[in-house]
Amino acid sequence: MPMSEGSSAPIRLSTRVVGFLLLSLLIGLGAIGTTLYLSWQLEGGAAAINAAGSLRKQTYRLSLSLYEYAGQPDQARRQRIADDLAVFDRTLNLLRHGDPARPLYLPQDEAVYQAFARVRAHYANNILPPARAVQAGAPVPDAAALRRNADDFVDQLDGLVGLVEHYNERRTMLLQASQVILIIMAIVGCTTQIYLMFLLIFRPLELLGQGMQRMAARDLSVRLPVETRDEFGALAAGFNDMADQLSEVYDTLEMRVNDKTAMLNEQNRELSLLYGTTALLNENFEGQELCQGFVEYLRAWFGAAACSVRVADPSASQAHLLASDQLPSLLAEAAECRQIDDCLCGQVLRQNHAVIQDFRAGVPEGFPATCTRLGFAQVSAFPVRTRQRQTGFFTLYFHEPHDFSPRDMQLLDSLGNHLGNALENLRLSASERELAVTQERNLLAQGLHDSIAQGLSFLNLQVQMLDAALQRVDVDEARSIVPLLHTGVQESYEDVRDLLQNFRARLGEDDLRAALEATVSKFRRQTGLPVTFSASGHGVPLPTDLQIQVLFILQEALSNVRKHALGADHVWVDYVEGPDLKLTIRDNGAGFADARMADQGERHVGLRIMHERADRLGASLNIQSVDGVTVSLVLSAQQRGKHSKEVS
C-alpha cells in the first residue's frame, strides 16, 4: 500500500539490514558464549576429577610408605613420606582454589563443596596426624588401622568424584541442548535473512526491473507502489516522478520540437545574414562598392523598399550619401536629408541608438514629410560605429510597417558595427598606402639629393669655371676642366645606376647573406679594391622589409668608401647573423676628424638616410675614425621578441 506523505520519518534500508545483522550476531555470540562457558565448566570439572582421583593412589602410596618406614626407618623413606604429604597439600589446595593456568576447579555446587569439606576434614584428622607422628619418631599404627583410614579417605574421595561427575553430566546435557539450539538458530536465522533480503531488496528490485521494462516498451503509464520509507521507497517515488515527467514531455514533444525547429531556423537565418554580410565586408572592395553591396544585400534580406548608407562629416552636421539601393532620387538629392538635425534618420547620431519611425501616426513636428509623400510607411535607421564612435547610419525604408524583434535589433546593431569597422579598415589601409608612398618618395628625394644633386652641383661649378676660362680664351685651363667634367659625369652616372639598383632590390626570407656577398663582389669589380667579406652566426631570418634596410646601409657605406675614402686600399665587411645582428664596414683610408664628421652629419644626406634605416631596424649606427686613419661603420641590433630590435 502506498505510504502517505504525512507518515513518520523514513527508516533507511541500511539501518534495517545492519540492525538485523547485529541482532543475529549478538544472539549467535550469546549462544556460542554459553557453549564455551559450559565447555569450560566441563573441562574444569574433568580436571578436578583427575586431581581428586590422583589422591586415591596417593593415599595408598602414603600408607605403604608409612608401613615400610615403620619396618626399616631411613632418611630416604622419611623424605618420601614428606614428598607424599606435600603432594596431598598441593592437590587439596588446587581443588580448593582452582588453577588459573588451566580450567581446573570444583563445580559451584553446594553438595560438592560439602563433600570436599569432608575430604579435607578426614585428611586433617585421620591421614595427616599419623604421618606427622611417624615423622616425629612415634610408632606407626598397625597395618589394619592404616588400611581402614586409607579406605575411609578413598571412600570420601569417591563420593566427591561422583558428585563432580554427576554435575558434569548435567552440564553435558546443557551443552548438547545449547548446541541443538545453536543449530536451530542458524537455520532460523538463515531462513529469516533470506526472507528479509527477498522482502527488502529482491522484491523491490524485481518491481523496479519490471517497471523499467515496461518503460522501455514505451508504456509511460507504469507506476511503482511506494510501500516502504527506505531507499527503495524513495527510488520508487523517484521512478514515478520520472514517469510523470516523461509522460508530460512525450505529450508535448511534438510542440517542443516545432518550437525548437522554428527557433533554430530563425537563428540560422540570423547567422546566414551575419555571415553573408561579414563575408561581403571582408572582400577587397573600395568603400563605395562595399557599401553598395551591403545595402543591396540588406534590402533584399528584410524585404525593404529601399536602403541607404550615409556617413557623417567630421563636424557631425551633415551626412553624405555613400550608397543606396532603390532609393528615390528625390531622397538621394534632398538637402534636408544631408542635414543631420533636419532629418529623422540623422537623430541616430544624436541619440546613439536606432530610430524607428512609423508614419501612420503622422510626421513628428519640425521634420519634413518627404518620406510620406514618396509612399513610405516606416523608416528605420541604425547607427554605424567604429570603436564605439558613431561615423554614420544606414536606413531601411518600408511601404508597410515592419516589426523588428529584439534579436533583429541586436543583429542590425552588430551589422552596423561590422560596416563601421570595415570602412575604418579601408581608411587605415589607404592611409598606410599613402604613408608608404610618401616614405618611398622621401627616400627617393634623399637618394637623389645625396648622389645626383651633389654631382650636378659639382658639374655646375666646373661649367661656370669652363665658361670663364673660354671668355678669357684660356685654353689650358679649359683643357684641365674638361677631364673634371668627364669624371663628374661618370660619377653622376654611377650614382644614378646605384640609386636605381637600390630601388629595384628585392629579397627573399633567406637571401640577405647572399645579397650582401653579391653587393661586396660588385663593389670589388667596380672599384678594384680588395674587399674581405666574412659572415657568421645563425638564427631566425629577418623579415624582407628589414633585410632590405641592412642591404641599403651596406650599399650606401660602400658608396661612401668609393667617393670619400682617400688612400684606401682595403675594405673589410663583417656580418654576424642571429638575434644580436651586427654589420661592420671598415677601410684603411685617410679617415676624418670628429669635428668635420659632426659638421658633415648635419649636411650629408647619405649619413642621415643610413641613420633612418637603422631606426627602422631598431638598431644603432656608429661611425668613427680611429686615429684619424681607419674609418669603421658598425650597425648593431639586439632582438626583442620576434622582429623588434633594441638599440645597443
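Reading guide: rules and limits
Residues numbered from 1 in each chain as written. Predicted model: local features only at pLDDT ≥ 70, side-chain atom pairs only at ≥ 80, totals over all residues. Heavy atoms only, no water. pLDDT = per-residue confidence, 0-100. Contact = heavy atoms within 4.5 Å. Salt bridge = Lys/Arg side-chain N within 4 Å of Asp/Glu carboxyl O. Helix = DSSP H or I, 4+ residues; strand = E, 2+ residues; numbered from the N terminus. Buried < 20%, exposed > 50% of the residue type's maximum accessible area, 1.4 Å probe, protein only. Core = buried A, V, L, I, M, F, W, Y, C linked by side-chain atoms within 4.5 Å. Expected span 1.5 Å × (residues − 1). Bend = angle between axes of the 7 residues up to and from the residue. Phe/Tyr/Trp six-rings, centres within 6.5 Å; stacked < 30°, edge-to-face > 60°. Pairing = 2+ DSSP bridges. Axes fitted to C-alpha atoms, helices over the stretch in contact; angles between N-to-C directions. Parallel < 35°, antiparallel > 145°, perpendicular 65-115°, else oblique. Left-handed = near helix turned anticlockwise from the far one by under 90°. Nonpolar A, V, L, I, M, F, W, Y, C, P; charged D, E, K, R; others polar.

Focus on the confidence of the model for the protein chain
Scored by pLDDT, the protein chain has a mean of 77; 83% of the residues are at 70 or more. Predicted confidence is poor over residues 1-7, with pLDDT under 50, and the contacts of this stretch with residues over four places away or in other chains come to eight contacts. Contacts for the low-pLDDT stretch residues 639-648, under 50 throughout, to residues beyond four places or in other chains number 24 contacts.

Points about the pattern of salt bridges
Taken as a whole and assessed by the stated rule, the structure comprises eight salt bridges. Notably, a salt bridge pairs arginine 385 with aspartate 413, separated by 2.6 Å at the nearest N-O pair. One end of the pair, arginine 385, is in strand S4 (residues 378-386); the other, aspartate 413, is in helix H12 (residues 406-471), with 28 residues separating them in the sequence. Given the relative accessible area of 11%, arginine 385 is considered buried.

Concerning the nonpolar core
Of all hydrophobic cores here, the largest spans 37 residues; its most connected members are Val571, Val573, Ile585 and Leu635. If one sorts the elements of this core by residue count, helix H15 (residues 544-564) sits on top with 10 residues. When near neighbours in sequence (up to four residues on either side) are disregarded, valine 573 contacts Val520, Val531, Thr532, Phe533, Ser534, Leu554, Leu558, Leu583, Thr584 and Ile585. Counting residues in each nonpolar core, the second largest holds 31 residues, with Leu106, Val112, Ile127 and Leu160 among its members.

Side note on helix H3 (residues 110-136)
Taking 1.5 Å as the rise per residue, H3 with 27 residues should run 39 Å; its terminal C-alpha atoms sit 37 Å apart, in good agreement. Where H3 bends most, at leucine 128, the angle is about 40°, and the proline proline 129 comes one to four residues later.

Describing the packing of aromatic side chains
Scanning the model with the defined rule gives eight aromatic pairs in all. Look at tyrosine 297 and tryptophan 301: their rings are 6.2 Å apart centre to centre, the planes differ by 20°, and that puts the pair in the stacked class. Linking tyrosine 297 with tryptophan 301, this pair stays in helix H7 (residues 287-302), spanning four residues, or about one helical turn. Between phenylalanine 382 and phenylalanine 404, the ring centres sit 5.7 Å apart and the planes meet at 80°, which makes this aromatic pair edge-to-face. A residue pair is termed long-range when its members are at least 10 positions apart, and phenylalanine 382 in strand S4 and phenylalanine 404 in the loop between strand S5 (389-398) and H12 qualify at 22 residues. Each of the two residues, phenylalanine 382 as well as phenylalanine 404, counts as buried. One aromatic cluster is present, built from ring pairs that chain together Phe294, Phe302, Phe382, Phe394, Phe398 and Phe404.

Comments concerning helix H2 (residues 75-97)
Side chains of residues three or four places apart in an α-helix project in the same direction, reflecting 3.6 residues per turn. Here H2 is 23 residues long and its end C-alpha atoms lie 33 Å apart, about the 33 Å a rise of 1.5 Å per residue gives. All of the buried residues in H2 are Ile81, Asp84, Leu85, Phe88, Thr91, Leu92 and Leu95. Glycine 98, located one to two residues past H2, shows a positive phi value of around 80°.

Examining the pairing of strand S2 (residues 319-325)
Across six bridges, strand S1 (residues 306-312) lies against S2 in antiparallel orientation. Bridge pairing links cysteine 307 to aspartate 325 in S2. Linkage of S1 to S2, two consecutive antiparallel strands, is achieved through a turn of six residues, within which alanine 316 is found at a positive phi near 55°.

Concerning the environment of glycine 528
When you line up the elements, glycine 528 lands in the loop between helix H14 (512-527) and strand S6 (531-537). Glycine 528 gets classed as exposed once you look at its relative accessible area, which sits at 60%. Expressed as a C-alpha distance, the spacing of glycine 528 and aspartate 569, which sit 41 residues apart in the sequence, is 9.2 Å.

Looking at unusual backbone geometry
Even without glycine at this site, arginine 218 takes up a positive phi of about 65°. In this structure, asparagine 352 takes a positive phi of about 60° despite not being glycine. Mapped onto the elements of the fold, asparagine 352 is located in the loop between helix H10 (347-351) and strand S3 (355-358).

Digging into the sheet that holds S2
Strand order in the open sheet formed by five strands is S2-S1-S5-S4-S3, with antiparallel pairing between adjacent strands. Looking at the sheet topology across the chains shown, the edges are occupied by S2 and S3. Sheet twist, expressed as the mean angle between neighbouring strand axes with direction ignored, is 20°. Where S3 meets S4, four bridges bridge the pair, whose relative direction is antiparallel. Of the residues in S4, the one forming a bridge with glutamine 357 is valine 379. Strand contacts of H7: S1, S2 and S5, with the helix running at about 55° to S2, the strand carrying the most contacts.

What about the packing of H2 against H3?
When two helices pack together, their arrangement is given by the angle between their axes and by how far apart the axes lie. In contact at an axis separation of 11 Å, H2 and H3 are set at 165° when each is read in the N-to-C sense. In terms of orientation, H2 lies roughly antiparallel with respect to H3. When the axes of H2 and H3 are compared, the crossing they make is left-handed. Across the interface between the two elements, Arg78, Ile81, Ala82, Leu85, Phe88, Asp89, Leu92, Leu95 and Arg96 from H2 touch Phe116, Val119, Arg120, Tyr123, Leu128, Ala131, Arg132, Val134 and Gln135 from H3. In terms of residue class, the contact of H2 with H3 is made up of 12 nonpolar, one polar and five charged.

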